[in-house]
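Fold and geometry: a report
Listed below are the residues making up each chain.
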Amino acid sequence: MKLLVLIITGLLYHGIVIGQETKYGKYQPEEFALQTVDFEPDAAAVVLEESCVSLFLGVTIHNQIHRRVKVLKESGKELGDVVLRMYKGNDNIESIQRLKAQIVNFENGSEKVSKLSKKDFFEVDTGDGYREIRFSFPDVQEGSIFEYSYVKLDKSIVFLEGWVFQNEIPTLKSIYSIDIPSHFDYKMLKQGEKIFKTNHQTSTRGKYHWELTDLRAFKPEPYMNHYKDYLEKVEFQLYAYESQSTNEWGEKKEERKIMFGSWQDLANLFMEKSEFKSFLSPSKSIREKLIWESGDKLDKKELLYTLYKHVTHHYRYDGKEGVLPKEPIKNVLETKSGNRAEINLLLLALLRENEIEAVPLLISSKGNGRSTLIHYPFADQFNHMILMVKLQDETLLVDANRSGVPINFLPLDFHVNQGFPLLAKNSDLVNLSHPHRSGFNLFTTIGMDIGSLVTETHLRLLDYDAVEWGRLEEKELQKRLTNNTGESPEVPSEKLLVVNRKNDGREILDISYSEQKPLTDTEKMFITPFALKRWDNNPFQATDRTFPVDFNYTFNDRYSAKINIPEGYEVDDFPESISAALPNGALSFSYAITQMDRVLTVTASVSLKETLIPAVSYADLKYFMEIITSKLNEPVVIKVMENLAQQRANSQVE
Amino acid sequence: MFHLLKIPLHCGVFSNLFISMKLFLSLLASMVYCPLLLASGPIGVLPETYSILEENIKVTLEEDFGYVEEVDQSLLLLSSSALDHAQFECLINSFTKLLDFEAKIINPLSGKTLQTIKRKQLKEKNLVSDGTLYGDNKLLFFLPTPQQYPIKIEYRWKRHVSGNFHLPRWHPYHYFNQLIKKATFEIAYPEEIGLRYKSNVSLLPPTEIQKEGKVSLFWELSDLPSLTESADDLPEVATAPVHFSMQGYRGNMQTWEDFGKWMHLLNHGKGDLSEGSKALVHTLVDSLMDPYEKIDRLYKYLQKNYRYVSIQLGLGGWMPENANSVVQSKFGDCKGLTMLLKAMLQEAGIPSDYTLVRSGSEAKPIDLDFPSNQFNHAILRVPLEEETIWIECTSTTLPAGFLGKSTMDRHVLVVTENGGVIDRTPSYSQSNYHRINHNLHLELLPQGNAHLHGTKVIEGFPASTFTHLHKNTSEKEFTTFLNSHTGGGLVIQEFSMATENEGKVPLVNLKYQGDVQRFYQSTSKRVLIPLSWTTWDLEEITTGAGELKEMLIIQLNQDLEWDISPPQLSYSCEYYSLDILADLKDDRLTIEKKLDIHFPEDITADKRNSVFREIKKALNQQLSFIKN
């Protein structure tokens, strides 16, 4: 969110120009010589050096940016197409000036420089206030070095973009300097690992300087929400400023003003906006509409569920994010649509009017690039508004923007540890928990009936797993029930019994079916006890990993197969029992087989206790998953008893 | 065959071309296009009507080859679900201007106008498709935010297009869940310019009026029910001029031959090379005798030294950039790169033809009976004495003579100096366009693991995928691709890949070695080894035939004997033959598999998938051994 500050006046140009480490257009022999990047030898291109020097000029910040890139492989030529993005809004909030760009190729012992001119730069209005400057370097070859520099002016100085030290290609050196005038007091928001280990203080007060080297490229990996949560970066939020005023006697007076001195100030700032107020204190005529007719006949929990269902079914989420309502409650009621904050605030108004306690809760979802909240009242940390609803014995976190999703199941990227409830007083960050007991529980009974193998399968999915499976279209559901060989359960879909039930806030989905398959060999049978698994194959194929694995939610899976040994048969062989866990205990697995009379019971469990597995544990995790997926595929061998087999053989001879 | 979801609004552009990466031809056409293309949500599941539409469209062609389109639309929104239906969007560019615009939001009960929106209140943004650096198309748009329902919205707009290369196409239906109360389409044209149209069977012929040298055609439909799912026979009228002109370039599109003449006119002089470039061509090819080798050499030079960058401005949407400009910048779009290679081949003494194609693996075939602009991409045809070579000039990895899935097996318009000629690109249905020969040597290690050395010779489409990925992803990403597309549990430690195209067929030689985690299962009595550990991406075989061979040699390092008889399968049917042979000698197990697929052209996707399931079932077995 961009907040404009136009209230600060009388500020003068401040700061000392900090010289760039690499001079535009001057190249070093080692830059031409560089052919690979030590820490990413397969990189197609590399940022040799980039820098941003941020200086204040009045109420505008000038970011002098310079980036130099070398193409190392043919596939890196595409980097020669450059897009610079800015937010103009309606008030020219950001603009790009003094753009220059050039490319150099080292040919026959000399530098061949091609400079881009104004006609090569295209400005594109991409909508919603955003614009891009696009350009393409000519003659990009392996070994080319291209660079560009520009000044990005930013009038929004409450929240400073700061600098991201990483790129989609590796970066050898990334430098950021900022000179903050003494009348501004900014708080620093840092993220990453290297940034915390880098000394950024200088001998000059208010001047900070970071120089990070050897930064890996960032790319999305499976089982993560967004790499933005892990980037090395620094941002700033204005905490306080000094202003000068002259009183009626001509005396100058300096005053220090704190932007948001406390969380309560920030909460008030939000809640005092007229649109917001319209939800918190609706007019009498609207309040009458909010009273639920049969509300007094329901207990609070039933009423909460009813109102939640009403909002999710009858109000359309327009897909727009944000923490603030843009329309008053009247419009939302009339159009039956709104952004996330508006829909949730409508539910809040309904709840409050029907005497259920609810407060707006701001969160920073996963992928918002704010993995840890800063304990300062900074509005820009948050990107979603949901609700915190208090019943007598429990607190629920609620988002009323997804039709068909039960009340206590937030989107998985909303599973964050902290949030900011907007209260009338004493607002502060609070810790959040997301209680659930998700799981994939499979129970099968396997037996033999006149040359056929008969399998009764009962799959019970719990909480998040139930929510996910419960939203599947029938075709997709059949696909999920399909095994590795592409065989679907041989039952017509109308005979596939799917029962969705709720039990005290828990979501339970039961799926049952039976199959009968002819046996090709009745002398010896290889029976795989578990036809369905959470994973048929190991989901981790990459050899290594840059970012942590995020499973998003914990679960406890149970598998149980009861194999009835037919008369005349005996168990010949079965997999070994094992029990294992990752070193930190985040993931554990057990597999056991017992035989009682003519029943062989195979049980297994997979339990994930931590959603986040660090990248350093990836190799262990990958191997562990291989053990789980292969073990769950191992067969039990049943064969005809030896004396019976002998009898059969004799009868064939005769 | 019309499909609602692919129909743009009465605008004369090709919907499925609009988002194409290599788009160029359609960009120039001004249009008011259909937001339906972007629609998502519960289409097909909600049977009710969200809105009711009345619409009159009048198109007037002028003697100077421009035309004016006037639209008068009355829309009754019944609920908030119809909000998308009220969206106005109009594409403008150097040829298209929105002259007038007015929208009124009216309370249908009282008849009172609640709001009037004028031209200056429309929002504007650039419309640059993915893969294009810059284009001069802009979108004017407006989305009403009614406060109540039902609500009536009246739109009136008029736009002028200075050039009639594209004429509007009439689709009365714009959205699902929209009832069409009345829809009219009138197109008037001077007799000397002429007009052709094509409507589908569900439409009656238009009313025709001739007056003072002008002809007017008029269609009217009323009370069309709202739709909840796509249909094949929706009413539609396509129009195209006989004579046309864009920016002074006059042409005729009554026949493909005439259409091609106009394209040739646009291309005139674009293939001139500087003396330096000519000299370079000779340096590259003069030592070669075989024409294909010359083509191959020049194509490889283009692939290595030039890159695809698309900038579409004005007539540049159709007119290639001068070959010399491409040489200067070392980049170009499909037209520019094609023109450059054509010029280089010309210098090498090999004539070739600039060719227009509708690109896209899912693109509908062009309508051969209706010569008009139906293309979105340019390729090169090189007719040699004994064969024709087709070249995709934007690719950096394909061999000369192999087009890939997005332009293969379809009609194209070849632009010759004598005009346009329809030709067809190859279908690549022979098995050498999908052939894999995989040899694996495994050594079993304790705990179910194994060490693996493999070699794989891949030909045809899968080879082009491998080459593309190898070139355009990092080593780490490519290793992950190999891990996941070779067999479960593989952790590749080393690999090398060489692209050794077999003439016009992509060919890749892959060598790798690594460990396989949990390759086999071990119980107290047995060892179980998968008959087919490797991943066979059968679904990739879409071109008719495929051939997969695999030889797996496993060093067991333990004394094992067959538990159950070894599989020796030799199966042949209408669509495929599969041979499997497993043999155990000493402590070495050999598994040979050979699959030949030969699908007829008209096989359905369902049948193909059921065949794949059958094959996978046959392959999905465990070989069981008793431990001695």
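In this text, all values refer to a predicted model and were calculated from it rather than measured experimentally.

Each partner contributes residues to the interface: chain A has 45 residues there, and chain B has 45 residues. Sorting the residues of the side of chain A that touches chain B by element identifies strand S6 (122-127), strand S7 (130-136), helix H7 (329-335), strand S26 (524-527) and helix H11 (618-631) of chain A as the ones contributing at least two each. Element by element, the count of residues in the side of chain A that touches chain B is highest for S6(A), at five residues. Among the residues making up the side of chain A that touches chain B, the classes are represented as 13 nonpolar, 15 polar and 17 charged.

Turning our eyes to something else, we now look at the pairing of strand S9 (residues 159-164) of chain A. All names here are of chain A. With respect to burial, S9 is a largely interior element, five of its six residues being buried. Direction of pairing for S9 relative to strand S13 (residues 233-246): antiparallel, over a ladder of four bridges. Within S13, the residue paired with Trp 163 across the bridge is Val 234.

So, on to the environment of B:Met246. Residue and element names in this part refer to chain B. On the secondary structure map, Met 246 appears in strand S15 (residues 243-246). Judged by local crowding, Met 246 falls into the buried class, with 23 C-beta atoms found within 10 Å. In this structure Met 246 touches Gly 163, Phe 165 and Leu 315, once residues within four positions along its chain are discounted.

Attention now goes to the packing of helix H4 (residues 291-305) of chain B against helix H6 (residues 334-347) of chain B. All names here are of chain B. Between H4 and H6, the shortest axis-to-axis distance is 10 Å and the interhelical angle comes to 145°. When you trace H4 past H6, the crossing you get is right-handed. The segment H4 lies against H6, with Ile 295, Leu 298, Tyr 299 and Leu 302 engaging Leu 337, Leu 340, Leu 341, Met 344 and Leu 345.

All names here are of chain A. What the domain assignment reports for chain A is domain 1 (36-243), domain 2 (263-431) and domain 3 (439-640). If you look at the interface, domain 2 gives seven residues, while domain 3 gives seven residues. Here the side of domain 2 that touches domain 3 is composed, by residue class, of four nonpolar, three polar and no charged.

All names here are of chain A. Read from one edge of the open sheet, five strands run S19-S18-S17-S20-S21, paired in antiparallel fashion. The open sheet has two edge strands with one neighbour each: strand S19 (395-398) and strand S21 (430-431). Judged from the two bridges that link them, strand S17 (residues 357-363) and strand S20 (residues 418-421) form a sheet pairing that is antiparallel. From the neighbouring strand, Leu 362 faces S20, where its bridge partner is Phe 420.

Residues and elements named next belong to chain B. Between helix H3 (residues 275-285) and H4, the shortest axis-to-axis distance is 9 Å and the interhelical angle comes to 125°. Accordingly, the angle class assigned to the pair H3 and H4 is oblique. Handedness of the H3/H4 crossing: right-handed. Mapping the contact onto sequence places Val 281, Leu 284 and Val 285 in H3 and Lys 294, Arg 297, Leu 298 and Tyr 301 in H4. Residue classes in the contact of H3 with H4 are distributed as five nonpolar, no polar and two charged.

Residue and element names in this part refer to chain A. Pairing in this open sheet of eight strands is mixed, and the strands run S24-S25-S23-S22-S28-S32-S31-S30 from one edge to the other. The two strands at the open ends of the sheet, each matched to only one other strand, are strand S24 (497-503) and strand S30 (578-581). Mean inter-strand twist for the sheet, computed between neighbouring axes without regard to direction, equals 10°. Direction of pairing for strand S28 (residues 555-564) relative to strand S32 (residues 599-608): antiparallel, over a ladder of 10 bridges. Bridge assignment links Ala 561 to a residue of S32, and that residue is Val 602. Each of S30, strand S31 (587-596) and S32 touches H11; the most contacted strand, S31, lies at about 25° to it.

Rules of the game
Residues numbered from 1 in each chain as written. Chains lettered and ligands numbered in written order. Predicted model: local features only at pLDDT ≥ 70, side-chain atom pairs only at ≥ 80, totals over all residues. Contact = placed C-beta atoms within 7 Å. Helix = DSSP H or I, 4+ residues; strand = E, 2+ residues; numbered from the N terminus. Nonpolar A, V, L, I, M, F, W, Y, C, P; charged D, E, K, R; others polar. Buried ≥ 20, exposed ≤ 12 C-beta atoms within 10 Å, placed from the backbone. Pairing = 2+ DSSP bridges. Axes fitted to C-alpha atoms, helices over the stretch in contact; angles between N-to-C directions. Left-handed = near helix turned anticlockwise from the far one by under 90°. Domains from an automatic or database assignment. Parallel < 35°, antiparallel > 145°, perpendicular 65-115°, else oblique.

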